[in-house]
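Descriptive structure summary
One letter stands for each residue in the lines below.
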Amino acid sequence: MESQHTVFITGADRGIGFAICQEFLQHGWHVIAGQYMSAWTELTHLQQQNANLDIVPIDVSDANSVQAAVKQTVELTGRLDMLIHVAGIIIREDTPEAVRTMLQVNAVGPMCVTRCFLPLMEGGRKRLCFVSSEAGSISLAHRKNEYGYGVSKAALNMSVRMMFNTLRREGFTFRLYHPGWVNSYMETTQKSTIAPYEPEDTARTAYRAFTEDRRCEDVLVMTDINEQTWSF
Amino acid sequence: MAYKILLNTLDNRQARKVSRELATEGHEVYALIRAGRPGKIQMQCSLLLQM
Amino acid sequence: MTDQEQIKTAIAQMGDGFDILILSIPEWGGEADALRGKTIWDGIDESVLLDILSYNVNNVLQTVRAAIPFLRKGALKRIVLLTDPTASIRETDEETDYAYHMSQAAAGMIMKILFNTYRPEGFTFRCYADDGRRAGISACEYLLTEQSYIETDDYIHSDENRLVMRDGLLREISW
């Protein structure tokens, strides 16, 4: 019998990250949920119903927090098969401070988390998954007057490309995913209601995209909730 | 026609090369010069070369 | 941290308006040496990376914001990005110097959003990727070319109505 696979998911407190946790649990994975908002209780309630769920605090913008999360994860599992980066932030202003924060969380944070977890992944399935956005597609960017979020996602996409260039030849495989316009908590403490998709919708596609193997793993592509490919 | 041109930095090899070529061709070329490290920036706008 | 007001004051020394803004990403010495040659395995210092990336992005953004009113008064209203083919997320095979390449991608996105915002006003854009060859068209020549734009038939394809990155042999490089 195949041993259980283990996944670490950042930004798991609510919204898309939480829904992805639920999806992986339903499919029998051991889920280690990266918790940033300890006061938000959804994860704790989910853990009460799921023996396969562990919760580990992590702030992706803080290297010390990331390293502490790795230590805790090592105590929970001998190997990590998959790492899913969901944690992200959007600030609807382009002050230098806001731009810096978005770069820190959306672009540099996933690099730090990947770097710190890589040793634990070497004996596992070696799958790295990044939730990006159509906002990071330079070719198809449609926004006007608002720079920070798109810039941070383009920088993320470049960092993923560079990690791909190094890690692909060591057997790591990559998924870069645009979740679609989802009712989430990205901008407020209230869940939005105007988007066409719910977190559970995108989590279903994400599960398939992240767990299925592809015939060609040697090309980095960004796919979305409708399994369409986006150009960079 | 001679243009008035501004570069955001000269801390880039291509920028330095382009600024020299444009100035040689008779354009009025300026650059923002960064003095110091991040957090201690003094911005000057220097006229590089003018024919 | 760059100061937009400081930049605006500096630009005002040029007079009322100017014609072409040329953007590029600063190539750092000093702190950037800590990142040079390092792959994801090599213990990248994320705080240095963030400082450089944040400075590079904010430098470009604040320069552009300060410059736009002056460009509006100029004859050409052109914004240029000087870059190189490693700025292509799709095609690059780079593995080190994360700060520089992430900054290049960020600059490409800034150019695209600028295009979306200001092209309707008549601004024009050039992205030149220098591949180091001494063949073909130089950056200076390229940034001054017109793009066969026919105002009366503006639906006819020309580079003026899309943001495109080209090298010295005028090959289009994907983002």
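Read on for an overview of the structure. (Residues numbered from 1 in each chain as written. Chains lettered and ligands numbered in written order. Predicted model: local features only at pLDDT ≥ 70, side-chain atom pairs only at ≥ 80, totals over all residues. Heavy atoms only, no water.)

Things to note about a nonpolar patch on the surface
Applicable threshold: Patches were defined on residues exceeding 30% relative accessible area and lacking a salt bridge, with like-charge contacts within 9 Å and nonpolar side-chain contacts (Val, Leu, Ile, Met, Phe, Trp, Tyr) within 5 Å. Computed by Shrake-Rupley with a 1.4 Å probe, the accessible areas treat only the displayed protein chains as cover when residues are assessed. Think of a salt bridge as a Lys or Arg side-chain nitrogen and an Asp or Glu carboxyl oxygen that are within 4 Å of each other. Type-normalised accessible area, obtained with a 1.4 Å probe on protein chains alone, sets the label of each residue: buried when under 20%, exposed when over 50%, and partly exposed for intermediate values.
A contiguous nonpolar surface patch, about 320 Å² in accessible area, is contributed by Ile150(C), Tyr155(C) and Ile156(C). Taking relative accessible area as the criterion, Tyr155(C) reaches 67% and is therefore assigned exposed.

Considering the packing of aromatic side chains
All names here are of chain A. Definition in use: By convention, a stacked pair of Phe, Tyr or Trp rings (six-membered ring in the case of Trp) has centres within 6.5 Å and planes under 30 degrees apart, an edge-to-face pair has planes over 60 apart, and any other such pair is tilted. Counting from the N terminus, the helices are the DSSP runs of H or I reaching at least four residues and the strands are the DSSP runs of E reaching at least two. Look at NZ for Lys and CZ for Arg. If either is within 6 Å of the ring centre and within 35 degrees of the ring normal, a charge sits over the ring.
Taken as a whole, this structure holds eleven aromatic pairs over all chains when the rule is applied. Ring centres of Phe 8 and Phe 117 lie 4.7 Å apart, and the angle between their planes is 45°; this geometry places the pair in the tilted category. One end of the pair, Phe 8, is in strand E1 (residues 6-9); the other, Phe 117, is in helix H4 (residues 96-121), with 109 residues separating them in the sequence. The same class applies to Phe 8 and to Phe 117, which are both buried. Put simply, the rings of Phe 24, Trp 29 and Tyr 207 pair up and form one aromatic cluster. Geometry around Trp 40 places Arg 14 over its ring, the cationic atom sitting 4.6 Å from the centre.

Some words on the environment of Thr193(A)
Assignment of secondary structure puts Thr193(A) in the loop between strand E6 (173-178) and helix H6 (199-211). Distance in space between the C-alpha atoms of Thr193(A) and Val182(A) is 8.7 Å, their sequence separation being eleven residues.

Comments concerning the interface of chain C and chain B
Heads up, the rule is: Residues count as neighbours in contact if any of their non-hydrogen atoms are within 4.5 Å of one another. Put simply, buried area is how much 1.4 Å-probe accessible surface two parts lose in total, over both of them, once they are put together. Polar contacts here mean pairs of N or O atoms no more than 3.5 Å apart (in protein, one a potential hydrogen donor and the other a potential acceptor; neighbouring residues in sequence count only if both atoms are side-chain atoms).
Each side of the interface is counted separately: chain C has 38 residues, and chain B has 29 residues. For the pairing of chain C and chain B, the buried interface totals around 2900 Å² over both sides, and the portion due to carbon and sulfur atoms is 58%. For the pair chain C and chain B, the interface holds one salt bridge. As a salt-bridge pair, Glu27(C) and Arg13(B) come within 3.4 Å of each other at their nearest N and O atoms. Inspection of the chain C/chain B interface yields twelve residue pairs in polar contact (both at pLDDT 80 or more).

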